[in-house]
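Here are the chains, one letter per residue:
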Amino acid sequence: MLQDMKQRQFRWGRIKIPMFVVCFGLFLCFSNVNASIHEYRMEAFSPKSDAFFFHGGSEGLYASKLHEPTTDASSETKPSFKGKSIISFDPVTFVRPKETAKSHHQMQQNTGLVEAIILEVKDRARIGGSSLKSDAICCDKQLADQGSCNQGEVIIQHNPNNLGWPKRIKTFFQGDNEEAKMDVETVEINSTGMYYLYFMFCDPQLKGTLIKGRTVWKNPNGYLPGKMAPLMTFYGLMSLAYLVLGLAWFLRFVQFWKDIIHLHYHITLVIALGMCEMAVWYFEYSNFNSTGTRPMGITLWAVTFGSVKKTLSRLLLLVVSMGFGVVRPTLGGLTSKVVLLGLIYFIATEALELVEHLGNINDFSGKAKLVLVLPVAFLDACFILWIFSSLSKTLEKLQMRRNLAKLELYRKFTNALAVSVLLSIAWIGFELYFNATDPLSEFWQIAWIIPAFWNMLAYCLLVVICVLWAPSRNRTRYAYMEGMGEDSDEEGIALTGNSGDMAMKLERQAIGDDLEEDKRE
């Protein structure tokens, strides 16, 4: 029953995907974005079987730490739930249609019931009448006469191993009032698991009822959802990793600053962006953990840093594969095509990251994600095809020129890139399998490794490039040279007699052909 509800929870009213450019402008109007604080803005209930439901949120929550709640020093009556895992209603209001309200007398009591149901995902089969051999969700007269449930309420079979769960909180409309407000209530979580919140009613007269208000979800160590909490530590460690790489590269850069080529500046920029991206994400997650909301400015900076770094990383792999600075001095006519592909990729990635990180944690539905993921996946495929096609041409040119040192350099780079592509394909397969076999996020505690893997892979590839193209006095090891003298000295090839003259002619002819090819492109 819960899985059917999950498949129908397409609530994307706040973000219109085809209008992501407009959304970007609208996002700038807000100072923060809701995350663990789930807000409901006059939203409708959806019919399901003989009931109506509204999905109020779902998050992984860890069990509360073992100590009693203390009192806040600023207020003697306000309890502090530090170290506690909670779901708090503060407050939630239900608004029924005027016609339904007017059909009741103002002196009547309990003229409509709405239930808030909190359950752990493993108890999903306990909602509805499946245990009573019934397809009903709501208790009817026949089941009530059997003493199995109360008529007009959602059928719940409580877990004998966890008394009181799934938890039910009732809210009644009174008389002819149009609104019914839930009592401000806090539910403590004492068992680690993935929790779902549903608001439900069985009375067909309440059809058209809307919900407004908010709920606050909190883990013992802060507001970060359980599946995101390990990422804060991960981003902190990755910030240190980029810092170490940046320091090592900077020392090498300063040591051999006279032998720096343009490619080294590109690598430096990617390292700097990676360092900034990881640091900003760590700060964003830390702030999120403290406040329960995602600050608009920090999130935008983090997303933009990430999109720029991803774009420049792919462009770096592409221009290195083309032999820029090694086989050819410029990209020639290909420059505009490379820049255009990079610009399109940045826009697609920025749109995907903005929509994914701005909004409630559980709002990014599968259909919406697919619309934005497909363009990014297609562009990634274009990059991969272009990179390997360029690598093939570069290796062919180096073999023809007999530049053995550069050829060995590019072979190592090709092998590293091939391994990364194979790992990526294997990981995509694992990710698809993981999402297909875990539609209700039952394995939420290990979900963080999926985004973490891509960051680690990008970092490892960057380290490989830094090692292979590290600045050194032996500039001819990878730098483009007009003549053959440096290459010959570097590779220790003795070119004498007719064979030497022939090799020189072939090399110069190859260089001339490359220059003509660049002009044509």
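A brief look at the structure comes next. (Residues numbered from 1 in each chain as written. Predicted model: local features only at pLDDT ≥ 70, side-chain atom pairs only at ≥ 80, totals over all residues. Heavy atoms only, no water.)

## Quick look at the sheet that holds strand β8 (residues 112-120)
Formally: Here, strands pair whenever DSSP counts at least two bridges between them. For the purposes of this entry, the term helix denotes a DSSP run of H or I that reaches at least four residues, the term strand denotes a run of E that reaches at least two, and both are numbered from the N terminus. Lines fitted to the C-alpha atoms define the axes, with helices restricted to the stretch that makes contact. Angles between their N-to-C directions range from 0 to 180 degrees.
Read from one edge to the other, the open sheet built from 5 strands follows the order β3-β4-β12-β8-β9, with strand pairing classed as antiparallel. In this open sheet, the two strands that pair with only one neighbour each are β3 (46-48) and β9 (167-173). Averaged over all neighbouring strand pairs, the angle between strand axes comes to 30 degrees, with direction disregarded. For β3 and strand β4 (residues 51-61), the ladder comprises 3 bridges, and the chain directions are antiparallel. Paired with S46 across the bridge in β4 is F53.

## Remarks on unusual backbone geometry
Here the amide bond leading from D90 into P91 is cis, since omega sits at -25 degrees, within 30 degrees of zero. Tracing the chain through its elements places P91 in strand β7 (residues 86-95). The residue after W165, namely P166, is reached through a cis peptide bond having omega -5 degrees. Looking at the element boundaries, P166 is found in the loop between α4 (141-145) and β9. Even without a glycine there, the phi angle at M42 is positive, about 50 degrees. Along the chain, the position of M42 falls in strand β2 (residues 37-44). We note that S441 has phi near 60 degrees; this positive angle belongs to a residue other than glycine. Here S441 is to be found in the loop between α10 (404-437) and α11 (449-468).

## Concerning the packing of helix α5 (residues 229-255) against α11
For the record, the criterion: Under this scheme an angle from 65 to 115 degrees is roughly perpendicular, one under 35 degrees roughly parallel, and one over 145 degrees roughly antiparallel; angles in between are oblique. Here a residue-residue contact requires only that any non-hydrogen atoms of the pair lie within 4.5 Å. Under the convention adopted here, Pro, Cys and the residues Ala, Val, Leu, Ile, Met, Phe, Trp and Tyr are nonpolar, Asp, Glu, Lys and Arg are charged, and Gly plus all remaining residues are polar.
Taken N-terminus to C-terminus, the directions of α5 and α11 make an angle of 5 degrees; their axes are 11 Å apart at the nearest point. With respect to each other, α5 and α11 are oriented roughly parallel. Between α5 and α11, the contacting residues are L231, F234, Y235, M238, A241, Y242, L245 and W249 on the first element and P451, A452, N455, M456, Y459, L462, V463 and C466 on the second. Within the contact of α5 with α11, the residues separate by chemical class into 15 nonpolar, 1 polar and no charged.

## What about the pairing of β8?
Counted only if it meets this: For every residue, the accessible area (1.4 Å probe, protein chains only) is compared with the maximum for its type, and the residue is labelled buried under 20%, exposed over 50%, or partly exposed between those bounds.
Burial analysis of β8 places 9 of its 9 residues in the buried class, which makes it a mostly covered element. Across 7 bridges, the pairing between β8 and β9 is antiparallel. Pairing of E115 across the sheet is with K170, part of β9. Bridge count for β8 against strand β12 (residues 193-201) is 6 bridges, and the pairing is antiparallel.

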